[in-house]
Amino acid sequence: MSDQILNIAGYRFVELPDRDELRDPFMNRCSALELKGTILLSPNGINFFLAGSDESVGEFIQFLESDKRFSGIQIKFSHTDYQPFRRMLVKRKKEIISLGMSEIKPLEFTGPYIQPAVFKQMMDEGEELLILDTRNDYETRIGTFEGAYELGISAFREFPQAIESIPEEYKSKTVVMYCTGGIRCEKASAVMINSGFEDVKQLEGGILG
């Protein structure tokens, strides 16, 4: 597997008042390591998708860990036999996942996580749940959980309006939501709680966890 490309992805909601000052150090380090991909930096967090050799990725993780704000980020690993990215980008953004609602702050509150094994047990026991797919419509076409409620959105910004289609009766029931890697659910769960849903849980790690 040494001739393959190591891919990593991770995120964290964390206050970054020095967002602008972080761009060049990240860009310089990734370029020196010949990594490719994208890093998003916002005043409220970091989100990254990078690919390179095992050694280069390892050195990047050491660099990341040198800042205590990024220490211990949950990182997803996979291998490919090709470089999936064309270049290296470090972007400064208002949000690391765009929603357009400044009042939604995962650092302050978000829905609790549920372990996949617990979720499976609830389904096996026939508990009445609303299984909510928060992904975009083109993602849901690839596959989804049986019986999941799909919102039919083309962009995450449509989520707050889309949940208005959910029957009122589900506001008092358990909602288990999932996305691809978990980041969208951090904000989506907070939106639902603000909208009156009483028991909103996030599938830990997303469907790629």
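Description of the structure in this document.

Rules and cut-offs
Residues numbered from 1 in each chain as written. Predicted model: local features only at pLDDT ≥ 70, side-chain atom pairs only at ≥ 80, totals over all residues. Heavy atoms only, no water. Pairing = 2+ DSSP bridges. Helix = DSSP H or I, 4+ residues; strand = E, 2+ residues; numbered from the N terminus. Axes fitted to C-alpha atoms, helices over the stretch in contact; angles between N-to-C directions. Contact = heavy atoms within 4.5 Å. Buried < 20%, exposed > 50% of the residue type's maximum accessible area, 1.4 Å probe, protein only.

## Here's the deal with the sheet that holds strand β3 (residues 45-52)
Now for step 1: Read from one edge of the open sheet, five strands run β4-β1-β3-β2-β5, paired in mixed fashion. The open sheet is flanked by β4 (75-80) and β5 (88-92), the only strands paired with a single partner. On average, each strand axis in the sheet is inclined to that of its neighbour by 10 degrees, with strand direction left out of account.
Now for step 2: Bridge count between strand β2 (residues 36-42) and β5: five bridges; the pairing is parallel. Bridged to Ile39 within β5 is Val90.
Now for step 3: Across the sheet, helix α1 (residues 19-32) touches β2, β3 and β5, and the angle it forms with β5 is around 175 degrees.
Now for step 4: Across the sheet, helix α2 (residues 54-65) lies against β1 (5-13), β2, β3 and β4, angled at about 160 degrees from β3, the strand it touches most.

## Some thoughts on the pairing of β1
Now for step 1: Taken across its nine residues, β1 has seven buried, putting it largely inside the fold.
Now for step 2: In terms of strand pairing, β1 meets β4 through six bridges, oriented antiparallel. Each residue of the ladder has a partner; that of Leu6, found in β4, is His79.
Now for step 3: Relative to β3, β1 is paired through eight bridges, and the arrangement is antiparallel. If you follow Gly10 over to β3, its bridge partner there is Phe48.

## Points about the sheet that holds strand β7 (residues 129-133)
Now for step 1: In spatial order, the strands read β6-β10-β9-β7-β8; together these five strands make up an open sheet with parallel pairing. Because the sheet does not close on itself, it has two edges, and the strands there are β6 (113-114) and β8 (149-150).
Now for step 2: Examined bridge by bridge, β6 and strand β10 (residues 199-203) share two bridges and lie parallel to one another. When the bridges of β10 are listed, Tyr113 appears paired with Gln202.
Now for step 3: Against the sheet, helix α3 (residues 116-124) engages β6, β7, β9 (174-178) and β10, with an angle of about 130 degrees to β7.

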